[in-house]
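Structural features, examined
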Amino acid sequence: MITFAGVTKRYPDGTVAVDHLDLEIPAGEITVLVGPSGCGKTTTLRMINRMVEATEGTVTVDGRNVRDVDPPTLRRGIGYVIQQAGLFPHRTILDNIATVPLLLGRDKKRARADARALMERVGLDAAFARRYPAQLSGGQQQRVGVARALAADPPILLMDEPFSAVDPIVRGGLQDEFLRLQSELEKTIVFVTHDIDEAVKLGHRIAVFQVGGKLAQYTSPDELLDAPASDFVRDFLGGERGIRRLRFAQELEAEAAAENAPGAVPAKADER
Amino acid sequence: MIPAAIGTGGEPLLRWSYVRDNYDGPIWEALREHLVLSFTPVLLGLLIALPLGLACARWTRLYPPVLAVTSVLYAIPAIGLFVVFVAFTGLTYTTVVVPLALYTLSVLVPSVVDGLRSVPEHVRQSAVAMGFGPLRRLVQVELPIALPVVMGGLRVATVANISLVSVGALIGIGGLGQLMVTGMKWPGGAYPTPIVVAIVLIVVLALVADLVLMLVQRFLTPWERSGRVSRRAARAARTERAAEVAR
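Residues numbered from 1 in each chain as written. Chains lettered and ligands numbered in written order. Predicted model: local features only at pLDDT ≥ 70, side-chain atom pairs only at ≥ 80, totals over all residues.

**Focus on the overall build of chain B**
To keep things clear, this is the line we draw: The secondary structure listing takes helices from DSSP runs of H or I that are at least 4 residues long and strands from runs of E that are at least 2 residues long, numbered from the N terminus. We call two residues in contact if the C-beta atoms placed from their backbones are at most 7 Å apart.
Within chain B, the secondary structure is distributed over nine helices and zero strands. Starting at the N terminus and walking to the C terminus, you meet the elements of chain B as α-α-α-α-α-α-α-α-α. Residue pairs at least 24 apart in sequence account for 69% of intrachain contacts in chain B once pairs closer than 6 positions are excluded.

Right under this line is the structure:
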């Protein structure tokens, strides 16, 4: 469990990114932080692994104040998936995935073997192992990013808009596989997005932030849609609700069409 | 042997007999000296430019004044600088090496800074998030990614230096430049052959050095084979999309 108690982040110029945040993030589930840009959701995420230091209040992971752990050690124990994947362009896919185990001083051969196993797990063809990130598509890079975050088997995974840099069709597929993976792994996941659809699709719990770093509502997706706590939340969900239903209907249609198509190829074999 | 070309005063541009008689004497000696005087300053310059460039990338306010100083240094004519240094270091290699090393800074410092700036922010952030400490991040992530740009600067500095070394001949330490002086001051009028030999060797040396550095760069940066890469990535993106649509 991750706990924020009275956490504020104020920058030297006086900007308040996060304002007196109290939040309990349950273990083994996906908690989504959602809100418009500038609402402090990424700052909140980064205070968990100390990429940003809280000005006031405490952040604890399983009862332990993160300030008591030195940052590199803390970070090696927490997976992180960044927007645009942030892969190391000069390292092969295999070595990218093995990054944290190697930092932890684990045996190189073992780390690479584990990385290979992880590639399969996130749906990457083994043929990619010796390639470089630039040789992969955006969606494939994102899969590598997820595999890299999982490599040292951390109990917690922080994900900062991991799927927003890929096009919507690929994104849908990545989200589905992410949910499948999580049902096997049951990590504690904190997921940042500005996309309310993504939040509703992935989250067990959703924390809606508003500009100024204030938590507007923290609840389950169902309740969020049924009972928005404020005008801000209603507006944030608002305009797109109808569109969301429409999209859902379209997805069903597309699925039916794909199943009926005679030449439908198994998706995975084709992904090279 | 047939002269390669005929010069103005009936003197051929190239007399093979001179080459034959001198290749393992003065010519070889000049070439050896030229090599030493070309590469020592570049190495020295790199040793200075690396920490200086790192500092400029880290503390950005340092960069404009450093850039100004290295550019002004570059603007000082080589011959003037050599003469000044003779006063301190006499007629030694040092007198030529130090000014040339200072010249390389005007290329090498910006290339180190630009190289480090070429590291994408999301890559740097992800290195932090993975738990790299500052030093490890520099050595294992930032410097390797900066390498192609730094190597580019190194190639320019090396080639420029190979041609610049000859100026040292004016104080008697100029590698192949010495042959040019020999040719100009030949008793009984100018003698083009040593000059032509020197020019040809300098050009060949520059080309070979550039080629070698390019190969070194290729070897050190296997991820940079761009043309093939982008086509393959584009294809990968297409098939991925198609696969998702099919799904």
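**Focus on the nonpolar core**
Most often, soluble globular proteins have nonpolar side chains that are buried together. Note the threshold: Buried Ala, Val, Leu, Ile, Met, Phe, Trp, Tyr and Cys residues form a nonpolar core when they are connected through C-beta atoms within 7 Å. Put simply, a residue is buried when 20 or more other C-beta atoms lie within 10 Å of its own C-beta and exposed when 12 or fewer do; between those, it is partly exposed, and each C-beta is set from the backbone.
Membership of the largest hydrophobic core comes to 115 residues, with the highest contact counts inside it found for Ile48(A), Ile97(A), Ala147(A), Ala151(A), Leu158(A), Val190(A) and Leu108(B). A per-element tally of this core places helix α4 (residues 93-117) of chain B first, with 13 residues. Ignoring anything within four residues of it in the chain, the contact list for Ala147(A) reads Ile97(A), Leu118(A), Met119(A), Val122(A) and Leu124(A). Core analysis: the next-biggest nonpolar cluster, separate from the first, contains five residues, Val166(A), Val170(A), Leu174(A) and Phe178(A) among them.

**Remarks on the sheet that holds strand β1 (residues 2-10) of chain A**
Residues and elements named next belong to chain A. Under the convention used in this document: Two strands are counted as paired when DSSP detects at least two bridges linking them.
The sheet built from four strands is open, its strands ordered β2-β1-β4-β5 with antiparallel pairing. A strand with exactly one partner marks an edge of an open sheet, and here the two such strands are β2 (16-25) and β5 (64-65). Sheet analysis places strand β4 (residues 56-61) next to β5, joined by two bridges and oriented antiparallel. Residue pairing for β5: valine 61 is matched across the bridge by arginine 64.

**Some points on the confidence of the model for chain B**
Residues and elements named next belong to chain B. Convention followed: As a per-residue measure, pLDDT tells how confident the predictor is, with possible values from 0 to 100.
When the pLDDT values of chain B are averaged, the result is 86; 87% of them are 70 or greater. Put simply, helix α9 (residues 226-246) is where chain B has its lowest mean pLDDT, 60, and helix α6 (residues 134-164) is where it has its highest, 95. The model gives residues 1-7 a pLDDT under 50, and that stretch makes 15 contacts with residues more than four places away or in other chains. As scored by the predictor, the complex reaches a pTM of 0.79 and an ipTM of 0.82.

**Things to note about α6(B)**
How we decide: Residue count minus one, scaled by 1.5 Å, sets the expected span of a helix. Each residue is assigned a bend, namely the angle between axes fitted to the seven residues that terminate at it and the seven residues that start at it.
With 31 residues, α6(B) should reach 45 Å at 1.5 Å per residue; the first-to-last C-alpha distance of 38 Å falls well below that figure. Of all the bends found along α6(B), the most pronounced is centred on Leu147(B) and spans about 50 degrees, while Pro148(B), a proline, follows it within four residues.

**Here we look at the environment of Arg32(B)**
Relative to the helices and strands, Arg32(B) resides in helix α1 (residues 16-58). Overall, Arg32(B) belongs to the exposed group, with 11 C-beta atoms counted inside 10 Å.

**A word on unusual backbone geometry**
All names here are of chain A. Positive phi is not limited to glycine here, since arginine 50 has a value of about 65 degrees. With respect to the helices and strands, the residue arginine 50 is situated in the loop between α1 (41-48) and β4. Despite not being glycine, glutamine 84 has its phi angle at roughly 65 degrees, a positive value. Topologically, glutamine 84 is positioned in the loop between β6 (78-81) and α3 (93-97).

**Considering the environment of Asp22(A)**
All names here are of chain A. As for its position among the elements, aspartate 22 is in strand β2. Residue aspartate 22 is classed as exposed on the basis of its 12 C-beta neighbours within 10 Å. Residues aspartate 22 and phenylalanine 4 lie 18 residues apart in sequence; the distance between their C-alpha atoms is 5.0 Å. The contact partners of aspartate 22, leaving out residues within four places of it in the chain, are Phe4, Ala5 and Gly6.

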